[in-house]
Amino acid sequence: MRVLLLLCLLSLGNTKPYQPVNIMDLMKNHDIMMADSDDDDDDDDEDDDDYDDEDCPANCRCLPQVVQCSDQGLISVPEKIPEDTVMIDLQNNDITEIKEDDFKGLHKLYGLFLINNRISKVHPNAFKNMDNLRLLYLSYNLLTEIPANLPPNVIELRFHENNINRIQKNAFDGLRKLHVLELGANPLANSGIEVGAFDGLSTLYIGIAEAKLTSVPKDFPSSITEMSLDYNKIAKVEVEDFIRYKNLQRLGLAFNQIKFVENGSLARIPNIREIHLDHNRLKKVPPGLNSLRYLQVIFLHNNKIGYVGMNDFCPSSAGGKKNPYTGISLFANPVKYWNIQPAIFRCATGRRAVHLGNFRKK
Ligand SMILES: *[C@@H]1O[C@H](CO)[C@@H](O)[C@H](O)[C@H]1NC(C)=O
């Protein structure tokens, strides 16, 4: 029966290429100590056993403070989740809605994993009083907008692959601790991002890859160190694009339609370490790379670059560069690698840092 159901789903094209999250690994990575619960000495093991049997919601498996209910075909959040729960795993079910009282009273909750369900509605009070919630994963659902009243102390918010096409003004207001905001694989165009959408944030990472952007959004918080905008429809990079992003260290713009990078635009991101501009339509090496003292990785493969100049990558004066390049890729461009003089890469760590020919083909 289950196999049949699976086959049906497959034939409907309904399966999503979703990556399950391993809650236990996550807990280790986040160093989530559940020591508080074990205040009293562990002399009453029987209590733990009772706990499992009686206090665990139906269809779930329970460890102390962890409730695992993934892959159970649940259509709603189970009732009677123990109040001391720190992590709830509800991945890969068929939950359609988060109701007002679904998580009521779970004040200790640290991580809530709702990945790969069918959630299209979240009650505006659903996350009320979740002051300890740090990880909220809502990727692979059917949301069309950012839920209201997100938990105030959340550090990671993931909305990958929903149907979000609009981010309303102040959608994330008050989330002062947010570090990671993943919005990739949503039908988001620049016009869908309202002015002030990211106000109040001091996020470090924002991802809007696989969307419908036609230019670099200029309204992200100035705190960001990493921006992932790969697989969009961005056609050019202009000076005003990066004015706010002085802290940027990693920039993902691969798989766009960029023909042109305006001189002066890269000078706005002097701390950049890594730029991905591969799979675009560049006819020349972006101007200004040679002034980026910390740049170590620049991917330019699969473009239309026909010529590389002596100072395109390295400053003319020695000492102008702080970090040598560890990765430059130029393969799959019209430029003939035998026409490129080795001295062009004089500020790379060595020959192995530079990928020129099409030798990667197998
Ligand atoms: C870009 O601008 C800088 C600073 O104004 C200038 O020195 C440089 O020659 C320009 N590069 C190109 C390719 O126009």
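Residues numbered from 1 in each chain as written. Predicted model: local features only at pLDDT ≥ 70, side-chain atom pairs only at ≥ 80, totals over all residues. Heavy atoms only, no water.

## Looking at the overall build of the protein chain
And then number 1: Looking only at helices and strands, one finds three helices and 18 strands in the protein chain.
And then number 2: Of the contacts formed within the protein chain by residues at least 6 apart in sequence, a portion of 48% connects residues at least 24 apart.
And then number 3: When the accessible surface of the protein chain is split by element, carbon and sulfur atoms take 48% of a total near 18600 Å². (Helix = DSSP H or I, 4+ residues; strand = E, 2+ residues; numbered from the N terminus. Contact = heavy atoms within 4.5 Å. Areas by Shrake-Rupley, 256 points an atom, 1.4 Å probe, with all protein chains shown as cover.)

## What about the UniProt feature "domain: LRRNT" (unreviewed entry) in the protein chain?
And then number 1: Sequence positions flagged by UniProt for "domain: LRRNT" (unreviewed entry) are, in local numbering, residues 55–87.
And then number 2: End C-alpha atoms of residues 55–87 are separated by 15 Å, and the span's content is 3% helix alongside 21% strand. (UniProt positions renumbered as here; feature names shortened; annotations may be inferred.)

## Section: a positive patch on the surface
And then number 1: Taken together, the side chains of Lys 259, Arg 281, Lys 283 and Lys 304 define a basic patch exposed on the protein surface.
And then number 2: Residue position: Lys 259 is located in the loop between strand S13 (250–252) and strand S14 (260–261). (Patch = residues over 30% accessible without salt bridge, like charges linked within 9 Å, V, L, I, M, F, W, Y side chains within 5 Å. Salt bridge = Lys/Arg side-chain N within 4 Å of Asp/Glu carboxyl O. Lys, Arg positive; Asp, Glu negative; His and termini not counted. Charge placed at Lys NZ, Arg CZ, Asp CG, Glu CD.)

## Description of the state of the cysteines
And then number 1: According to the stated counting rule, one finds three disulfides in the structure shown.
And then number 2: Here Cys 60 connects covalently by a disulfide to Cys 69, the sulfurs 2.2 Å from one another. Disulfide Cys 60 to Cys 69: torsion about the S-S bond roughly 105 degrees, handedness right-handed. Here Cys 60 and Cys 69 have matching classes, each one buried.
And then number 3: For the protein chain, the disulfide bridges join cysteines in the arrangement 1-3, 2-4, 5-6, where the cysteines are counted in sequence order. (Disulfide = S-S within 2.5 Å. Buried < 20%, exposed > 50% of the residue type's maximum accessible area, 1.4 Å probe, protein only.)

## Let's talk about the nonpolar core
And then number 1: Grouped together as the largest cluster of nonpolar side chains are 89 residues, with contacts concentrated most on Leu 112, Phe 159, Phe 172, Phe 198, Leu 289 and Phe 313.
And then number 2: Those residues within four positions of Leu 112 in sequence are excluded, and the remaining contacts are Ile 88, Leu 90, Phe 103, Phe 127, Met 130, Leu 133, Leu 135, Leu 136 and Tyr 137. (Core = buried A, V, L, I, M, F, W, Y, C linked by side-chain atoms within 4.5 Å.)

## Focus on the pattern of salt bridges
And then number 1: Throughout the structure, instances matching the rule amount to nine salt bridges.
And then number 2: Glu 156 is the partner of Arg 158 in a salt bridge, and the nearest nitrogen-oxygen pair spans 3.1 Å.
And then number 3: Judged by relative accessible area, which is 25%, Arg 158 ranks as partly exposed.
And then number 4: On the accessibility criterion, Glu 156 (11% relative accessible area) is buried.
And then number 5: A salt bridge links Glu 226 to Arg 250, with the shortest nitrogen-to-oxygen separation between them at 3.5 Å.

## Let's talk about the packing of aromatic side chains
And then number 1: Under the defined criterion, the tally for this structure stands at eight aromatic pairs.
And then number 2: Each ring, one from Phe 313 and one from Tyr 325, has its centre 6.1 Å from the other, and the planes form 85 degrees; the classification is edge-to-face. Linking Phe 313 in the loop between strand S16 (297–299) and strand S17 (327–329) with Tyr 325 in the loop between S16 and S17, this pair joins segments that are twelve residues apart in sequence.
And then number 3: Looking at Phe 313, the relative accessible area reads 0%, which means it is buried.
And then number 4: When the ring of Phe 313 is compared with that of Phe 345, the centres are 5.5 Å apart and the planes differ by 45 degrees; the resulting orientation is tilted. (Phe/Tyr/Trp six-rings, centres within 6.5 Å; stacked < 30°, edge-to-face > 60°.)

## Details of the confidence of the model for the protein chain
And then number 1: The predicted model of the protein chain has a mean per-residue pLDDT of 89, with 88% of residues at 70 or higher.
And then number 2: Under a pLDDT of 50 for its full length, residues 7–15 has, in the predicted model, four contacts with residues more than four places off or in other chains. (pLDDT = per-residue confidence, 0-100.)

## A look at the side chain of Ser 139
And then number 1: Among the structural elements, Ser 139 can be located in the loop between strand S7 (135–137) and strand S8 (156–158).
And then number 2: For Ser 139, a relative accessible area of 7% gives the class buried.
And then number 3: Here Ser 139 is in contact with Leu 114, Ile 115, Asn 116, Arg 158, Phe 159, His 160, Glu 161 and Asn 162, once residues within four sequence places are set aside.

## Points about the side chain of Asn 303
And then number 1: Take Asn 303: it is sitting in the loop between S16 and S17.
And then number 2: Here Asn 303 falls in the buried class, since its relative accessible area comes to 6%.
And then number 3: Of the polar contacts made by the side chain of Asn 303, one reaches the backbone oxygen of Leu 277; its length is 3.0 Å. (Polar contact = N/O pair within 3.5 Å; in protein donor to acceptor, adjacent residues only side chain to side chain.)

## Quick notes on unusual backbone geometry
And then number 1: The phi dihedral of Asn 116 is positive, around 60 degrees, even though this residue is not glycine.
And then number 2: Along the chain, the position of Asn 116 falls in the loop between strand S5 (111–113) and strand S6 (121–122).
And then number 3: Phi is positive for Glu 161, which is not a glycine, with a value near 50 degrees.
And then number 4: By the element assignment, Glu 161 lies in the loop between S8 and strand S9 (180–182).
And then number 5: Using a relative accessible area of 27% as the deciding quantity, one classes Glu 161 as partly exposed.

## So, the environment of Val 261
And then number 1: As for its placement among the helices and strands, Val 261 is situated in strand S14.
And then number 2: Linking Val 261 and Gly 288, residues 27 residues apart in sequence, is a C-alpha distance of 9.5 Å.

## Some remarks on the environment of Arg 158
And then number 1: Here Arg 158 lies in strand S8.
And then number 2: For the pair Arg 158 and Leu 183, spaced 25 residues apart in sequence, the C-alpha to C-alpha distance is 6.6 Å.
And then number 3: Beyond its immediate sequence surroundings of up to four residues, Arg 158 is in contact with Leu 136, Tyr 137, Leu 138, Ser 139, Val 180 and Glu 182.

## Remarks on the environment of Asp 230
And then number 1: Relative to the helices and strands, Asp 230 is located in the loop between strand S11 (226–228) and strand S12 (236–237).
And then number 2: Taking the relative accessible area as the measure of exposure, Asp 230 reaches 11% and is therefore buried.
And then number 3: Along the primary structure Asp 230 and Phe 255 are separated by 25 residues, whereas in three dimensions their C-alpha atoms are 5.6 Å apart.
And then number 4: Excluding anything up to four places from it in sequence, Asp 230 contacts Ala 209, Glu 210, Gly 252, Leu 253, Ala 254, Phe 255, Asn 256 and His 276.
And then number 5: A distance of 2.8 Å separates a polar side-chain atom of Asp 230 from the backbone nitrogen of Ala 254.

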